[in-house]
Protein chains: 2
Amino acid sequence: MCESRTIWWDGGLWLIDQTKLPGELIPIKMSSVRQLIEAIQSLRVRGAPALGAAGAYGIALAADLSRTSNPFDMIAELETAAEMIKDSRPTAVNLSWGVDRVLRAASSRESTEEIREAALREAEEVAEEDIRINKSLGKNGAKLLDDGDCVLTHCNAGRLACVGWGTALGVIRSAVQAGKRIHVYACETRPLNQGSRLTAWELIQDDIPVTLICDNMSGSLMRKGRIDKVIVGADRITKDAVFNKIGTYNHAVLARYHKIPFYVAAPLSTFDQRHEEADIIVEERDPEEICSLAGKRVAPEGVDVYNPAFDATPLDLVTALITEKGVFRPPLMPPV
Amino acid sequence: MCESRTIWWDGGLWLIDQTKLPGELIPIKMSSVRQLIEAIQSLRVRGAPALGAAGAYGIALAADLSRTSNPFDMIAELETAAEMIKDSRPTAVNLSWGVDRVLRAASSRESTEEIREAALREAEEVAEEDIRINKSLGKNGAKLLDDGDCVLTHCNAGRLACVGWGTALGVIRSAVQAGKRIHVYACETRPLNQGSRLTAWELIQDDIPVTLICDNMSGSLMRKGRIDKVIVGADRITKDAVFNKIGTYNHAVLARYHKIPFYVAAPLSTFDQRHEEADIIVEERDPEEICSLAGKRVAPEGVDVYNPAFDATPLDLVTALITEKGVFRPPLMPPV
């Protein structure tokens, strides 16, 4: 299993440019908070847990780049950076969580040097914790998979969506590590094809058998009995719903109709038990993502487009939530 | 409403190259049966009813191009052409239907001149009949739509899928012509994007309001109450199932789950009441269709791909079949 990281600190903040995969594996160094925000918005770094680390490292980066010698000014700068970073992808709860955690760790320090050190230390801890958590989560979830299972997944909830290991794909990795043979059906995940670009790539790297399909093929595969389980990640889990990549809800309804278990694998940092589905505004993305394929226009000029980034799957369609603290079958929820 | 045709005879066989839409509207002349077969296989001409006309005109083309003066030799040539054309897209029942109909009309003639004339006359009749049938079908289906309805459709069952007017979009056109305001949600229809390329283009040409979405957004729109009805076309309707573009089944299950009517609009020539779902082999298409977007590789080299052209929706998920002979609610079927 590949143990390399998606985002890391090495004399500065580095991340793998996921928009270049699967063609090229290119690490890029973030020279400013603005560049990090651009990387978040253009999905060079994406995936709920990776965004948590990106948010955390973003504050460490702001501290590292700050030129002030006044700790109060520095904290004020970090707070400004925090707001900007959090606003860059508002639906992703982990982003805010990572930002706030590092901001809190830095805020009580008395010198700029201490602030810098505390911010980086906390960001590193967020990143290392992410891998530890995913491995626990993976181990908990692996028990739900049987030898020989065919598992459908949507988008990329793999190591590329995290600092390492992965959530939904982490469960699959842990099952494979435990000696189970798992075949993955990876949905391409329109409009940005994280399934074809990232999930298929990751699994091939780890020699886990994978078949790439279009999102619209999930139902007919289920009807043919070729899918045993569905596992997806999550961007935010409110009291009543799982927000995840657009298309998740379709698979959830189809799984219910075909009596196939539908699992959501997510660390506790994804849970937002203060809000309900109705409170959450789902970001709509650029229509061009649907109107063009690899830069070639495929839709007529001026066509109206609906392009939400996420959908909400009500918890009653979720068979179980797989977390680092165990497996919870709704309405049972993890203590957060 | 646009009354122009998708396929026609004008000193030879012409068709609109649908792979060039929506960018360019290019008519191409078929200089051989082999070129027509290439056009069918590469989806320059596609859609069940249009394929019926393509098959019919294909025999007329074979007769037109034949150099023999012996009527028996000419019939033998037409029979060979018929087999080749029918094999080019085996799932499409209309293709065989059109081929056989013209072959039958030509076979009883005594001179090569008579064979040529009879083949072309019958092919023209197939094409004109297609438009008449779609208009009847449209009128029958329009009664099912209410003023203000939002209608989801998949793939392109429009005038581009027919000789003219359309089946699923024909119903929408007829409703609009009858003064009803209809808003269409067009699914892009992966992997070949007939929804974005063709359906959105057609509807914009006719000033019918259309919103383009990814296939995986249908469920969340239904859950939000934004879809009143679903209408799709069909490639083949057996005793027990509707074969249509891959992804149709997903929408059918989602419509059932959300208690939304799911309509299939298809002429009687699409019905194949001699076969059951299990008898039909669904063609699998080139993996490259999923691995590349507009020529740019988006999936890792060597990835396994599943790419069926069609799926089967069992009739119990179909609210009604809309035909030129009226509206039939399964298990009621039209007399064919």
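If you're wondering where the values come from, they're calculated on a predicted model, not measured in any experiment.

**Student:** Lay out the interface of chain B and chain A with the relevant residues and their values.
**Tutor:** In this assembly, 55 residues from chain B lie in contact with 55 residues from chain A. Taken together, both faces of the contact between chain B and chain A bury some 4,500 Å²; the carbon and sulfur share is 64%. In terms of surface lost to chain A, no three residues of chain B exceed Asn-216, Arg-223 and Tyr-306 of chain B, which account for 17% of the buried area on that side. Across the contact surface, chain B and chain A share four salt bridges. Across the salt bridge formed by Arg-190 of chain B and Glu-188 of chain A, the nearest N and O atoms sit 2.6 Å from each other. At the surface where chain B touches chain A, the tally comes to 28 residue pairs in polar contact (both at pLDDT 80 or more). Sorting the residues of the side of chain B that touches chain A by element identifies α7 (194-205), β6 (210-213), α8 (218-223), α9 (248-257), α10 (288-291), β13 (304-305) and β14 (310-314) of chain B as the ones contributing at least two each. Of all the elements, α9 of chain B adds the most residues to the side of chain B that touches chain A, at six residues. Here strand β6 (residues 210-213) of chain A pairs with β13 of chain B via two bridges, running parallel. Bridge assignment links Leu-212 of chain A to a residue of β13 of chain B, and that residue is Val-305 of chain B.

**Student:** A description of the side chain of Ser-174 of chain A should follow, citing residues and the corresponding values.
**Tutor:** Residues and elements named next belong to chain A. Among the structural elements, Ser-174 can be located in helix α6 (residues 168-177). Residue Ser-174 is classed as buried on the basis of its relative accessible area of 9%. Reaching out from Ser-174, the side chain makes a polar contact with the side chain of Trp-165 at a distance of 3.2 Å. Among residues more than four places away in sequence, those in contact with Ser-174 are Lys-135, Gly-138, Lys-139, Ala-142 and Trp-165.

**Student:** If you had to explain the domain arrangement of chain A to someone new, which residues and values would you point to?
**Tutor:** Residues and elements named next belong to chain A. Considered domain by domain, chain A is made up of domain 1 (7-135) and domain 2 (145-328). Relative placement of domain 1 and domain 2: their C-alpha centres are 25 Å apart. Taken over both partners, the interface formed by domain 1 and domain 2 buries close to 2,600 Å², and the fraction arising from carbon and sulfur atoms is 58%. Where domain 1 meets domain 2, there are one salt bridge. With its nearest N and O atoms 3.3 Å apart, the salt bridge here joins Glu-283 to Arg-89. Where domain 1 packs against domain 2, one counts ten residue pairs in polar contact (both at pLDDT 80 or more). Breaking the side of domain 1 that touches domain 2 down by element, the ones donating at least two residues are α2 (48-65), α4 (93-107) and α5 (112-142). Looking at the side of domain 1 that touches domain 2 element by element, the count peaks at six residues for α5. Across the side of domain 1 that touches domain 2, the residue classes tally to 16 nonpolar, seven polar and four charged.

Rules used in this analysis
Residues numbered from 1 in each chain as written. Chains lettered and ligands numbered in written order. Predicted model: local features only at pLDDT ≥ 70, side-chain atom pairs only at ≥ 80, totals over all residues. Heavy atoms only, no water. Contact = heavy atoms within 4.5 Å. Buried area = accessible area lost by both parts, 1.4 Å probe. Salt bridge = Lys/Arg side-chain N within 4 Å of Asp/Glu carboxyl O. Polar contact = N/O pair within 3.5 Å; in protein donor to acceptor, adjacent residues only side chain to side chain. Helix = DSSP H or I, 4+ residues; strand = E, 2+ residues; numbered from the N terminus. Pairing = 2+ DSSP bridges. Buried < 20%, exposed > 50% of the residue type's maximum accessible area, 1.4 Å probe, protein only. Domains from an automatic or database assignment. Nonpolar A, V, L, I, M, F, W, Y, C, P; charged D, E, K, R; others polar.

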